[in-house]
Structure formats: C-alpha cells, structure tokens
Amino acid sequence: MKRSFDVWKGNINRLMKENPLQLISWEATRRCNLNCVHCGSPCETVNLGKELNTQEVIDAFIQIAKDFDLSKFHHINITGGEPFVRADLLGILKEISKIKEFRNIAIQTNGIHIADNPQVLDEIKKYGVTGIGVSIDGLEKMHDSFRRKEGAWKKAIKAAKLAVEKGLVVTISVTAHSKNLEDIPKLYEYVKKFHPRYFRVMTIDPIGRAKLNKEYLLSPEQIRHIIKFLKKEHEKNFINYSDPKTTIMELGCGGWLSTELEGRVRPYIFHCIAGINNLGILYDGKLASCSNIPRDFIEGDLREERIKDVWKKKYQRFRNKEWLKEGDCKECPEWDYCHGGPMHKRLKDGTMLDCLHQTISNGKDYRVCLPQEAFITVAGN
C-alpha cells in the first residue's frame with residue numbers, strides 16, 4: 001500500500017508543478033428555484049446583477065480553447081445556484097460544445113426543471129452533457145424539509161430516474177448532516193434500484209447558509225458513523241464497480257481521511273485539485289480555484305484580465321501549500337499526502353474549518369472551536 005501511495009503522491013506532485021488545465025468548474029448562476037437550509041452558494045450574499053451574460057460566458061470558453069493546451073482536458077462541471085434557471089443555458093451549451101474538448105459536461109441540479117421538462121435531457125445530450133448530478137438529502141420528509149419545498153423529493157427522484165433512462169452518468173449527491181444520518185442508508189437502498197452510477201456523500205460544511213444553522217454540523221461520532229457506513233458499502237460492492245449497473249459508493253470532497261482509510265470509502269485517493277488542474281469561473285466572472293471556493297480566494301476577473309494570465313501568475317498559493325502548514329497541520333504525519341485538505345474549508349488567513357482526518361483519528365470536534373469569522377465572511381458578497 002505504501003508503494004501505491006508513493007506513486008499516487010508522485011502524480012500529485014507533478015500536477016502541482018505542471019498544472020495542466022483539465023477541469024473547469026463553472027458556477028452558472030447564484031439564482032435558484034429552491035431555498036435550501038445548507039446552501040453553500042446562496043443568492044442573498046451576492047449581487048445577482050453582476051451575472052455574466054450569454055456572450056460573456058461563450059467568449060470565456062472560446063478564449064480558454066484558444067489560449068490553453070487542452071490535450072489533457074477532462075470535463076466541465078456546471079454548478080449553481082440552479083443552472084437550469086438560466087434561460088440561455090441550452091444556447092450556451094450549444095456554442096461551447098462546438099469545441100471538441102468541451103463535449104464532456106456534467107450539470108449539478110436539484111432536478112426540478114428536468115422533472116417538469118423531461119425533453120431537456122435530449123437537448124443537453126446533443127450539446128455534450130454526459131453527466132447529471134442530482135442533490136437528494138434523505139427520504140421524502142427529510143429532503144423536502146431541508147430543501148424547504150414540498151414535492152422537491154419526488155421531482156429529484158423523477159429527474160434522476162429520467163436521466164438514468166437516457167443513458168447519462170447519474171450521481172446522487174447527498175449532504176450528510178446531523179439530522180439525516182438515519183435516512184442515508186435507506187436512501188441508498190432505494191436509489192440503487194434504478195442504477196445511478198454514483199452515490200456520493202458529502203459532509204456538511206460551515207459555509208453559506210449552513211454557517212447560520214450550526215445545529216446541522218456533525219459531531220465526531222456522527223462523522224465516524226457515516227464513514228463506517230461508506231466503508232462497509234464500498235468494500236462490499238467495489239468488486240462489481242466495472243458493471244455499469246452497479247452504483248459506486250463514494251465520499252465526496254470532504255477531505256483527506258488517512259493512509260489507512262483512503263481508497264476504502266471511495267474508488268480513488270483524495271487530494272484537493274482546486275487551482276492545480278481545476279479552474280473555477282464564478283457567476284460574475286471572478287476567477288477562483290474552484291466554484292465551491294470561498295470568495296476570499298478570488299484570484300482574478302475575466303472581465304478585466306486574460307484567463308490564461310491569471311492561471312499562470314496568480315494561483316501559486318494553491319500549488320505550493322506550505323503556508324497552510326500551521327495549527328493541526330504543522331506536525332501532522334499525513335501532510336505529505338494531504339497538503340492541508342480542501343481549500344473550501346479554509347479562511348483567507350489559512351484557518352482550517354475542519355479536518356476529517358483529525359476528527360476521525362483524534363476525535364477533534366471543530367464545532368466548538370470554529371472562529372467567528374467562519375460564520376460571517378466565508379460567503380462574501
């Protein structure tokens with residue numbers, strides 16, 4: 001196992017040095033047709049009038065295709081808000097999919113628009129969309145309560161089923177919080193019957209609206225509980241993952257676990273790739289290392305700068321993370337693999353909001369030591 005980790009570490013170190021652009025995370029909008037309790041990108045914290053218009057989005061992708069070597073490019077991930085509230089989304093997809101490297105696109109959605117307009121799946125498939133991520137946070141009562149919309153669960157389930165039927169790679173994305181842990185195994189048993197490709201669980205983070213709802217944050221015991229469930233199901237099913245009808249169980253980008261757990265709760269080893277080979281384009285044209293990153297980590301503005309120049313000159317703090325080696329990271333034996341964990345769990349001064357490794361291995365409860373800033377400025381404006 002050590003040899004495998006060392007090979008993987010060598011690949012990560014090479015990526016951090018060479019930083020080829022391989023993924024683009026585009027936050028299409030902050031507007032949404034729901035008002036979820038936990039939203040990490042809420043609309044009320046930003047100026048929606050600054051949203052990129054149709055041509056600005058298209059021009060940004062054309063510029064990237066012209067300026068970057070895309071020989072190793074993998075995919076575009078479209079997030080929000082809710083991407084489908086953009087009336088021009090299909091038109092944008094039609095134009096950017098004319099660039100051959102941009103014909104592997106995933107859209108993250110709450111499923112409402114797809115459920116109400118099933119024909120949209122045929123349209124987006126024509127324009128390079130290969131994957132759909134549908135957010136479902138428990139069984140019906142829990143999901144609708146969390147999403148603050150009656151009927152939201154039925155539409156999310158319908159959207160996921162329709163997308164599977166259309167041959168798209170479907171991910172069920174679940175945010176694990178203090179009130180839905182008992183629902184998650186039941187939801188998994190329910191959805192795997194219609195064969196989504198992935199069942200992805202993310203632990204809730206104290207960002208966006210969740211910073212105002214601290215009662216949803218997980219205790220160390222609850223985090224260990226969900227990791228135990230993921231590990232059990234992954235180990236039981238991974239031998240069948242090559243079968244497209246087998247649902248792959250995975251922990252999302254909540255962070256590094258340990259050399260003992262990585263590869264045992266998801267079919268890969270985690271490392272945050274924000275700003276390394278992943279470019280974030282935010283709803284207003286600001287350039288970040290990921291679309292899920294706090295606005296304290298904005299590096300540029302495509303309305304004012306060439307994207308390639310920002311990528312080359314302003315992303316160094318994501319590619320050399322020694323500045324993060326403080327606090328719990330300073331003497332951590334996992335540092336050479338983790339490099340400080342996900343950037344969306346950091347404040348602008350480097351303060352870490354939580355660490356799954358420290359919580360699982362050492363029982364650290366970050367809820368009691370979160371700095372006040374975590375509940376004031378992470379979302380920005």
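In what follows, the structure referred to is the one given above.
Analysis parameters
- Residues numbered from 1 in each chain as written.
- Predicted model: local features only at pLDDT ≥ 70, side-chain atom pairs only at ≥ 80, totals over all residues.
- Heavy atoms only, no water.
- Helix = DSSP H or I, 4+ residues; strand = E, 2+ residues; numbered from the N terminus.
- Buried < 20%, exposed > 50% of the residue type's maximum accessible area, 1.4 Å probe, protein only.
- Contact = heavy atoms within 4.5 Å.
- Areas by Shrake-Rupley, 256 points an atom, 1.4 Å probe, with all protein chains shown as cover.
- Lys, Arg positive; Asp, Glu negative; His and termini not counted.
- Charge placed at Lys NZ, Arg CZ, Asp CG, Glu CD.
- Axes fitted to C-alpha atoms, helices over the stretch in contact; angles between N-to-C directions.
- Parallel < 35°, antiparallel > 145°, perpendicular 65-115°, else oblique.
- Expected span 1.5 Å × (residues − 1).
- Left-handed = near helix turned anticlockwise from the far one by under 90°.
- Nonpolar A, V, L, I, M, F, W, Y, C, P; charged D, E, K, R; others polar.
- Salt bridge = Lys/Arg side-chain N within 4 Å of Asp/Glu carboxyl O.

Got a sec to walk through the overall build of the chain? Specific residues and values, please.
From N to C terminus, the chain includes 13 helices and ten strands. The principal-axis extents of the C-alpha atoms in the chain amount to approximately 50 × 45 × 40 Å. Residues counted as buried form 58% of the 381 residues belonging to the chain. If you take every contact in the chain between residues at least 6 apart in sequence, the share linking residues at least 24 apart comes to 72%. Element-wise, carbon and sulfur atoms account for 50% of the exposed surface of the chain, whose accessible area totals about 16,400 Å². Positive and negative side-chain charges in the chain, numbering 61 and 50 respectively, have mean positions lying 2 Å apart.

Give a detailed account of the packing of helix 6 (residues 140-147) against helix 7 (residues 152-165), specifying residues and quantitative values.
Remark: helix 6 packs on helix 7, axes separated minimally by 8 Å, with the N-to-C direction vectors making an angle of 105°. Between helix 6 and helix 7, the angle is such that the two are roughly perpendicular. Across the interface between the two elements, Glu140, His143, Asp144 and Arg147 from helix 6 touch Ala152, Trp153, Lys154 and Ala156 from helix 7.

Explain helix 9 (residues 220-237) residue by residue, including any values.
The end-to-end C-alpha separation of helix 9 is 26 Å, in line with the 26 Å expected for 18 residues at 1.5 Å each. Taken together, the buried positions of helix 9 are Pro220, Ile223, Ile226, Ile227, Phe229, Leu230, Glu233, His234 and Asn237. Where helix 9 is buried, its residues meet strand 5 (169-176), helix 8 (183-191), strand 6 (198-203), strand 7 (248-251) and helix 13 (356-362).

Tell me about the packing of helix 8 against helix 9, and please be specific about residues and values.
The N-to-C vectors of helix 8 and helix 9 enclose an angle of 25°; their axes lie 11 Å apart at closest approach. When the axes of helix 8 and helix 9 are compared, the pair comes out roughly parallel. You can see that helix 8 and helix 9 cross each other, and the crossing is right-handed. Together, Ile184, Pro185 and Tyr188 of helix 8 and Ile226, Phe229, Glu233 and Asn237 of helix 9 make up the contact between the two elements. Looking at the contact of helix 8 with helix 9, its residues break down into five nonpolar, one polar and one charged.

Please give an account of the pattern of salt bridges that cites residues and values.
Counted under the stated rule, the structure contains 26 salt bridges. Residues Asp137 and Arg147 are paired through a salt bridge, measuring 2.3 Å at the closest nitrogen-oxygen approach. Residue Asp137 is found in the loop between strand 4 (129-135) and helix 6, and its partner Arg147 is found in helix 6; the two are separated by ten residues along the sequence. Arg147 carries the same exposure label as Asp137, and that label is buried.

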